[in-house]
Amino acid sequence: MTLIELLTDRGTATRLKPGGILFHEGDRAGAVYGVVSGRVRVEVSTPTGGRLVLAVKEPGDVLGELAALDGRPRSAAAVAIDAVELVQVGVDDFLSALVDEPKHAVSLLQRISRDLRESVDRTTARASADTTQRLAMLLFDLADRYGEHSDAIVEIDLTLTQDDMAGWIGATREATARSLRTLRDKGCVATARRRISV
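If you're wondering where the values come from, they're calculated on a predicted model, not measured in any experiment.

Mind showing me how you'd approach the sheet that holds strand S8 (residues 84-90) here?
As a general point, the strands of a sheet are linked pairwise by backbone hydrogen bonds and lie either parallel or antiparallel. Overall, antiparallel pairing links the 4 strands, which are arranged S1-S8-S3-S6 in an open sheet. Every interior strand has two partners, whereas the edge strands, strand S1 (12-16) and strand S6 (62-63), have only one. When strand S3 (residues 31-37) meets S8, the two strands line up antiparallel, connected through 6 bridges. Following the sheet pairing, Val35 is matched in S8 by Leu86.

As structure tokens, this is what we get:
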């Protein structure tokens, strides 16, 4: 039994439309969510009024576990990228499930460790690369994760706006647009409405 299956046994189903907000940064943690289908963007606001994308949660991933574990307010917001189906479990039931099934507690720690490592890698990249380099690294990473391969071209199966990409790489929308234009002029990417091919 997977962690999502365990949560499904103890929780209730909920759905979000694209752009729907699961929870806000600073909210009190009343539940933990497992992603059954679709994708959810985890993001934080910046001091300048922008947003920084921390992660994309996919089927099998858990959302809101940090606030459930430490009892503090939500450290980030969660927004549906596309139509999302989730299972919602109360915090007490979630913690009880981890006690009852220790192997899932270990699995959750491994996921948290993976996310932390990826966050450190992104932070290092942001500190050592310019905007165009950061955007190129992001697009190649997204192509690897969500790409649909056709000959030598990979189309990213993820609806992306320039605001989304700016949030991912920690840049302004204007700087991201310039960098995207640079990559397009060099023949590295092709763009259509909310679609990118690498």
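Got a minute to help me understand the packing of aromatic side chains in this structure?
Two aromatic rings are characterised by how far apart their centres lie and by the angle between their planes. Scanning all chains against the criterion turns up 1 aromatic pair. Here the basic side chain of Arg74 rests over the ring of Phe23, its NZ or CZ set 4.2 Å away from the ring centre.

I'm lost on the pattern of salt bridges in this one. Help?
Taken as a whole, this structure holds 12 salt bridges when the rule is applied. The salt bridge involving Asp115 is made with Lys57; its shortest N-O contact spans 2.8 Å. With Asp115 in helix H4 (residues 102-128) and Lys57 in strand S5 (residues 51-57), the pair connects residues that are 58 residues apart, well separated along the chain. Between Arg111 and Asp61 there is a salt bridge, with its nearest N and O atoms 3.0 Å apart. Separated by 50 residues along the polypeptide, Arg111 in helix H4 and Asp61 in the loop between S5 and S6 bring together distant segments of the chain. A residue is classified by how much of its surface remains accessible, and Asp61, at 9% relative accessible area, is buried.

Analysis parameters
- Numbering of residues begins from 1 in every chain and follows the order in which that chain's sequence is written.
- Reporting of local features is limited, given that this is a predicted model, to residues whose pLDDT is at least 70; pairs of side-chain atoms are given and counted only at 80 or more, and all residues count toward the totals for whole chains, interfaces and linings.
- Working from all heavy atoms in the structure, the side-chain values ignore hydrogens and water.
- A pair of strands is treated as paired once DSSP finds two or more bridges between them.
- Runs of H or I in DSSP of at least four residues are treated as helices and runs of E of at least two as strands, each being numbered from the N terminus.
- We call Phe, Tyr and Trp rings a pair once their centres come within 6.5 Å, taking the six-membered ring for Trp, and we label the pair stacked below 30 degrees between planes, edge-to-face above 60, and tilted otherwise.
- When the NZ atom of lysine or the CZ atom of arginine is within 6 Å of a ring's centre and also within 35 degrees of its normal, the charge is said to sit over that ring.
- Every case where a carboxyl oxygen of Asp or Glu lies within 4 Å of a side-chain nitrogen of Lys or Arg is listed as a salt bridge.
- For the exposure calls, accessible area comes from a 1.4 Å probe over protein chains only, and a residue counts as buried if that area is under 20% of its type's maximum, exposed if over 50%, partly exposed in between.

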